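Inside the fold
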Amino acid sequence: MTSHLAVLTVFALLVSSVFAALMKDSPREQLRSGAMMFAGFLATAIVLGWLMYPLPL
Amino acid sequence: MATKSTTAERASVAAEPGTIALVCLTAWAIPGGAHLWLGRRQKGLIFLVALSAMFVLGLLLHGRIFAIDLQEPLGTLAAVADLGLGLPWIIARVAGAGGGQVTALTYEYGNTFLIAAGLLNTLVVLDAFDVAMGRK
């Protein structure tokens, strides 16, 4: 598994699951909160990736 | 499915400092173990699966379990974070796993998984403490 996006997706999924379980008590709230965090992780990574795209290495 | 302990159970745990210490030790040693013990089965299973998976993935991605070395402050911080995972950390150290492969493409990814797993388990220990004290 060497794709940055794949590793990032797995990481986001696991971390958002743990945070959702820590922060919310009911399974429905956990699912909603976890899904929001997961989407936030991915969206932030993609937006930041595109913002950094023009920068020289 | 009961996912929470009763108020009476929580009160009895909160009344015994020794038990609270044991709860925290269990939470540190086995990710999710204390939550399972305290009747929070669903949360316990999520912690057990997610944190164990993060630790194993970290090792598979050639991450390194850092040793405490005061000559390397950043490495020491990473070592403290790694230490948060308890029994899996001990097993990996005893088995000689987590040596890390700096030349591997996924070395930094592996480190990130291992460090994040340890830090998240530290939060889980604090959550287990709150549950044992009857605050949650």
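Data block above holds the structure.
Our subject in this report is the structure included herewith. (Residues numbered from 1 in each chain as written. Chains lettered and ligands numbered in written order. Predicted model: local features only at pLDDT ≥ 70, side-chain atom pairs only at ≥ 80, totals over all residues. Heavy atoms only, no water.)

**What about the overall build of chain B?**
To keep it simple, the criterion reads: Going along the chain from the N terminus, every DSSP run of H or I of four or more residues is numbered as a helix, and every run of E of two or more is numbered as a strand. Relative accessibility decides the category of a residue: with a 1.4 Å probe and only protein chains considered, values under 20% of the type maximum give buried, values over 50% give exposed, and everything between is partly exposed. Contacts are assigned to residue pairs with any non-hydrogen atoms lying within 4.5 Å of each other.
Regarding its fold elements, chain B presents seven helices and zero strands. What you see in chain B, going N to C, is helices and strands ordered as α-α-α-α-α-α-α. In chain B, which comprises 136 residues, the proportion classed as buried is 44%. Of the contacts formed within chain B by residues at least 6 apart in sequence, a portion of 73% connects residues at least 24 apart.

**Concerning the interface of chain B and chain A**
In plain terms, the rule: Two parts placed together each lose some accessible area; with a 1.4 Å probe, that loss summed over both constitutes the buried area. Definition used for salt bridges: Asp or Glu carboxyl oxygen within 4 Å of a side-chain nitrogen of Lys or Arg.
At the interface, 23 residues of chain B touch 17 residues of chain A. In total, chain B and chain A occlude about 1700 Å² of area from one another, counting both sides; carbon and sulfur atoms represent 78% of this. Our count for the chain B to chain A interface comes out at one salt bridge. Note that B:Lys43 and A:Asp25 form a salt bridge whose closest N and O atoms lie 3.0 Å from each other. Listing elements by their share of the side of chain B that touches chain A, those giving two or more residues are helix H4 (41-60) and helix H7 (107-132) of chain B.

**Structural notes on a nonpolar patch on the surface**
Residues and elements named next belong to chain B. To keep it simple, the criterion reads: Here the term patch refers to residues with relative accessible area over 30% and no salt bridge, with like charges joined within 9 Å and nonpolar side chains (Val, Leu, Ile, Met, Phe, Trp, Tyr) within 5 Å. Method for areas: the Shrake-Rupley scheme with a 1.4 Å probe, in which residue coverage is limited to the protein chains shown.
A cluster of nonpolar side chains, namely Ile 30, Leu 36, Leu 45, Leu 48, Val 49, Leu 87, Ile 90, Ile 91 and Val 94, defines an oily patch on the protein surface of about 770 Å² accessible area. Looking at the nonpolar patch, the elements that each hand over two or more residues are H4 and helix H6 (87-95). Ranked by residue count, the leading element in the nonpolar patch is H6, at four residues. Mapped onto the fold, Leu 48 is located in helix H4.

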